[in-house]
Amino acid sequence: MKKTTEESANSRAHPADLTTLPEWSVFEQAARSAKVDTSRLALINAAGIDLDISGQHASPALTEAGIALLEARNFEEQRRRLLEGDIVNITESRAAWHTALRAPAPKPEIAAERQRLFEFIHTADSKRRWRNIVHIGIGGSDWGVRLAVAAFGYAGTWRNVHFVANIDGHAIQGGLSGFDPHDTLIVMASKSFTTAETLENGRRAREWLEAAGVADPASQMIAITARPEAARQWGIPEAHIFKLWEWVGGRFSLWSAVSLTTALAVSADVIAGMQTGAAAMDKHFAEAPIAENAPVQMALSGIVNRSVLGYGSLNIAPYDFRLANLVPYIQQLEMESLGKSVDLNGASVKVPTGPAVWGMPGTDAQHTFFQWLHQGSDGAPVDFIICAQADHGWPTHHRILLAHCLAQRQALLQGKSYEEALEECMASGMPEDQARWLAHHRVYGGGRPSNLIVLPRLSPYTLGALLALYEHKVFVQGIIWGINPFDQWGVEYGKQLASGLTRELSGEAVGGEGYDASTRYWVDRLKGLQ
Ligand code: F6P
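Residues numbered from 1 in each chain as written. Predicted model: local features only at pLDDT ≥ 70, side-chain atom pairs only at ≥ 80, totals over all residues. Heavy atoms only, no water.

Draft legend 1. Seen up close, the site of the ligand. Neighbouring residues of the ligand: 14 residues in total, closest Ser141, Ser190, Ser192, Thr195 and Glu336. At 2.7 Å from an oxygen atom of the ligand is found a main-chain nitrogen or oxygen belonging to Gly140. In the model, an oxygen atom of the ligand is placed 2.8 Å from a nitrogen or oxygen of the Lys191 main chain. Surface burial for the ligand is 88%, taken as the share of its 390 Å² of free accessible area covered by protein chains. (Near = heavy atom within 4 Å. Polar contact = N/O pair within 3.5 Å; in protein donor to acceptor, adjacent residues only side chain to side chain. Areas by Shrake-Rupley, 256 points an atom, 1.4 Å probe, with all protein chains shown as cover.)

Draft legend 2. Spotlight on unusual backbone geometry. Of note, the bond from Gly362 into Thr363 is cis; its omega dihedral lies within 30 degrees of zero at 15°. The residue Thr363 is located in the loop between β13 (356–359) and α15 (370–375) in this model. Even without being glycine, Ser93 reaches a positive phi, approximately 50°. If you check the backbone angles, Arg128 has positive phi at about 50° while not being a glycine. Examined against the element boundaries, Arg128 turns out to sit in the loop between α6 (108–126) and β7 (132–136). (Helix = DSSP H or I, 4+ residues; strand = E, 2+ residues; numbered from the N terminus.)

Draft legend 3. Looking closely at the packing of helix α13 (residues 294–308) against helix α19 (residues 460–481). Following both chains from N to C, one finds α13 and α19 inclined at 55°, their axes separated by 8 Å at the closest point. The angle between α13 and α19 places the two elements in the oblique class. Handedness of the crossing formed by α13 with α19: right-handed. Here Ala294, Pro295, Val296, Met298, Ala299, Leu300, Gly302, Ile303, Arg306 and Ser307 of α13 lie close against α19, whose contacting residues are Leu469, Tyr470, His472, Lys473, Val476, Gln477, Ile480 and Trp481. Taken together, the residues of the contact of α13 with α19 break down into 12 nonpolar, four polar and two charged. (Axes fitted to C-alpha atoms, helices over the stretch in contact; angles between N-to-C directions. Parallel < 35°, antiparallel > 145°, perpendicular 65-115°, else oblique. Left-handed = near helix turned anticlockwise from the far one by under 90°. Contact = heavy atoms within 4.5 Å. Nonpolar A, V, L, I, M, F, W, Y, C, P; charged D, E, K, R; others polar.)

Shown next as structure tokens:
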């Protein structure tokens, strides 16, 4: 008899509860007794990026336990399945094959779509067409493009680009303002082509073109989607619809035609370079032994920090102004992927999973929240990211920037004892009783974990490799925790509720059942307001 979907899902061999594994107990114990050893230098080079993990808890026993844990989790087989495009996203019955989009020799249908995209870009560039771009998309259909455009167009781009993601009408108002509608291309990026924000903002953009007397507004619109039929219904011409595949998760769509805006703003070479760098990291991930595998080692220390030492968050500190958007990019990647507490069997994971991710570029971050990192009661592991060489002509700036980064990391790592603080206070000549009191305020705990990630310089290649480094780290953590890092059911419920509430607020539906008292109050009070 044919099995029901539920039966066949249940009959699949899912990994056991992590905490029942003897390998987990050994790992946990080794992690508890390991320390940050300030005399240790531990470097891994991956795809041209140096990862310095000296600032993490380490010991030979922990290294061994990490290898055993990965074996117990069938890591090599899981990695093969990811890289070969097997169905790894089992709750949505899909592959998560973003690596196929950046493979040096892609499958013919991927190569053909890439070719179409490059031809479109070439035609637009050679005709000097589209002085302005309005990129409409949200989440994965936005952050990666924003990141790349800011990283390589920080000093200005020949096309003006505005990004519109939020449903807040001020966003689209600002996004369209100042642009000549006759020389503006509207790029709508949406894998599902059902996302409320993107469709509503797209409608405003189309009305704006119509109002300006553009004869055929759809001819100035592009759709990048896995649902071409929905884009066709919008009247978008076939030549302006670029394909996304179902097996490309939203937060990985940077590697697809979603990056059209990047190419139009800062050149097609940027997307090609990013793909090459990411492919180099894929190769490293696939081939490097575990002890020298950068994503795997980052994943393991992340598990130590979160599930053993109990750090609830991870701070991302790029010491590069151009990488400001790396923070929300990694936030989505990590938190949408690992913000789950149910394993593949549907059981609760018994250890804390994905941390909250937050951050800001240094040195601004130092003047905002580093106090908390140094002396707050919780603290957080930090990923410091620097470029060894800058691309401006002011070496002094770069030296100061690097010095600040190394100094913050050193302070977190080494700390300062009460005795050292006291000696410092006494040396400044203050009276002893004051020195004894003040020294308490000048103590740094130290031993706070960090990574230092060093890019030789910021290039499309190194940025691509950096993003793939984080992607694979997240994947490995998903394997260890036994969760699916490729779905995002948690976001869906809110969307469902919002659609009912939108109908209530606009008067299309009345008296919806099941509202809590406060929601009911606010629906009634806000209904009908402009
Ligand atoms: O936030 C949920 C989500 O589905 C993300 O995973 C995705 O990147 C975003 O919404 C946008 O989705 P779409 O590309 O389908 O518009």
